[in-house]
Amino acid sequence: MPLSAPRVVPSAEIQSPSITGTIGSVRKSISLFLVCLMAPVMLFAQTKLSPNQILDATSQKIYSAKGIHATFATTVHQGTSSEHVLDGTFDILATKYLIQTTAACTWFNGKELWNHIIGSDEVTLVTPTPEEIISSSPLAFLNIYQKGYNLVSKNVTINGKKAWEITMRAQDKKLEPSIVIVNVNQSTFEPMKLRVRHNGDWTQIDIKTYKVGVNFSPDHVNFPAKDYPKCEVIDMR
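In short, a report on the structure. Here the structure is a predicted model, which is why all the values come from computation and not from measurement.

1. Focus on the pattern of salt bridges
Charged atoms that come close allow side chains of opposite charge to pair. A complete count under the given rule lists 5 salt bridges for this structure. As a salt-bridge pair, Arg237 and Glu112 come within 2.3 Å of each other at their nearest N and O atoms. Of this pair, Arg237 sits in the segment after strand E12 (232–235) while Glu112 sits in the loop between strand E4 (104–108) and strand E5 (113–117), and the two are 125 residues apart along the sequence. We note a salt bridge from Glu165 to Arg195, for which the minimum N-O separation is 2.9 Å.

This is the structure:
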């Protein structure tokens, strides 16, 4: 979020089936959102960008940024009902990242991935397979949309600001997520909103604050064991 749930997704450890499905869907959506961050400044000079140009450029911006920090809120739409599910933050350092929500934390240092459910006394540690990296990496979406999705874009206005709205629709009706919609600010190239349709339900992620050029230490994306002295690390490598 090609987006089959990896065995390392921490929501799989939540006991409630309803919560498991909801949080799992949200976490996939967050992984997708992380790669839809910003396009290079050089694109400002262009008056017309294709959806592919905008999305292809996101990885270049991620690599060029010293660090990215953002806060977000998620809402799940099931039928006619909506429920605010999670608030959280994400920090990106090239292909490495830290995701913190009100339900779980995930650290990925480029080689090892740790997952911790808030309130539990366990942390899972894995060396992700290529498939798991595709499903959880901030750059995963760049690979996903290039295979099996039709892209269209249009100009919209969100909260008084001009934005692109890029819709990615799966070519195969069995492919999940079936639809992904990304809104990007046309003036700043900052992400504004992501909507993902998965198994008939919509998950919406609204960016609240966004900062580029944050100087993270290399250890920022490693599990800080000293901060979790009572947690047992379940080593599944």
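After presenting the structure, the write-up continues.
2. Focus on the sheet that holds strand E3 (residues 96–101)
Sheet strands pair via backbone hydrogen bonds, and the direction of the pair is either parallel or antiparallel. The sheet built from 12 strands is open, its strands ordered E7-E8-E9-E10-E11-E1-E2-E3-E4-E5-E6-E12 with mixed pairing. Two strands in the sheet have a free side with no partner beyond their single neighbour: strand E7 (149–158) and E12. For this sheet, the mean angle separating the axes of adjacent strands, direction not counted, is 20°. With 4 bridges connecting them, E3 and E4 associate as antiparallel partners. Each residue of the ladder has a partner; that of Ile99, found in E4, is Thr106.

3. Here we look at the packing of aromatic side chains
Applying the stated rule across the entire model yields 5 aromatic pairs. For the ring pair Phe72 and Phe90, a centre distance of 5.8 Å and an interplane angle of 25° mean the geometry is stacked. Of this pair, Phe72 sits in strand E1 (residues 68–78) while Phe90 sits in strand E2 (residues 81–93), and the two are 18 residues apart along the sequence. Judged by its relative accessible area of 2%, Phe72 is buried.

4. Digging into the nonpolar core
Phe90 and Met168 are the most contacted members of the largest nonpolar core, which has 31 residues in total. Ranked by the residues each element gives to this core, the list is headed by strand E8 (residues 161–170), at 4 residues.

5. Details of the pairing of E5
Of all the 5 residues making up E5, 5 are buried; the element is thus mostly covered by neighbouring parts of the structure. Side-chain alternation along E5 places Leu113, Asn115 and Ile117 on one buried face and Trp114 and His116 on a second face that is also buried. Examined bridge by bridge, E4 and E5 share 5 bridges and lie antiparallel to one another. The partner of Phe108 across the bridge, within E5, is Leu113. Between E4 and E5, which pair antiparallel and follow one another directly, the connecting turn spans 4 residues, one of which, Gly110, has a positive phi of 95°. In terms of strand pairing, E5 meets strand E6 (residues 122–126) through 4 bridges, oriented antiparallel. Across the sheet, the residue bridging to Leu113 is Val126, located in E6. In sequence, E5 turns back onto E6 through a hairpin of 4 residues, with Gly119 there showing a positive phi of about 95°.

About the criteria used
- For every chain, the first residue of its written sequence is number 1, and the numbers climb from 1 along that sequence.
- Local features are withheld for residues below a pLDDT of 70 in this predicted model, meaning they are given only at 70 or higher, and side-chain atom pairs are given and counted only at 80 or more; totals for whole chains, interfaces and linings count all residues.
- Here the side-chain values reflect all heavy atoms present in the structure, with hydrogen atoms and water set aside.
- The term salt bridge refers to a side-chain nitrogen of Lys or Arg lying within 4 Å of a carboxyl oxygen of Asp or Glu.
- For helices the rule is a DSSP run of H or I covering at least 4 residues; for strands it is a run of E covering at least 2, with both sets numbered from the N terminus onward.
- At least two bridges found by DSSP between two strands is the condition for calling them paired.
- To obtain an axis, a line is fitted to C-alpha atoms, over the contacting stretch when the element is a helix, and the angle between two such axes runs from 0 to 180 degrees between their N-to-C directions.
- A pair of aromatic rings is counted whenever rings of Phe, Tyr or Trp (Trp by its six-membered ring) have centres within 6.5 Å, and the orientation is called stacked for planes under 30 degrees apart, edge-to-face for over 60 and tilted otherwise.
- For every residue, the accessible area obtained with a 1.4 Å probe (protein chains only) is divided by the maximum for its type, and the residue is called buried under 20%, exposed over 50%, and partly exposed between those limits.
- The set of buried Ala, Val, Leu, Ile, Met, Phe, Trp, Tyr and Cys residues whose side-chain atoms join them within 4.5 Å is what this entry labels a nonpolar core.

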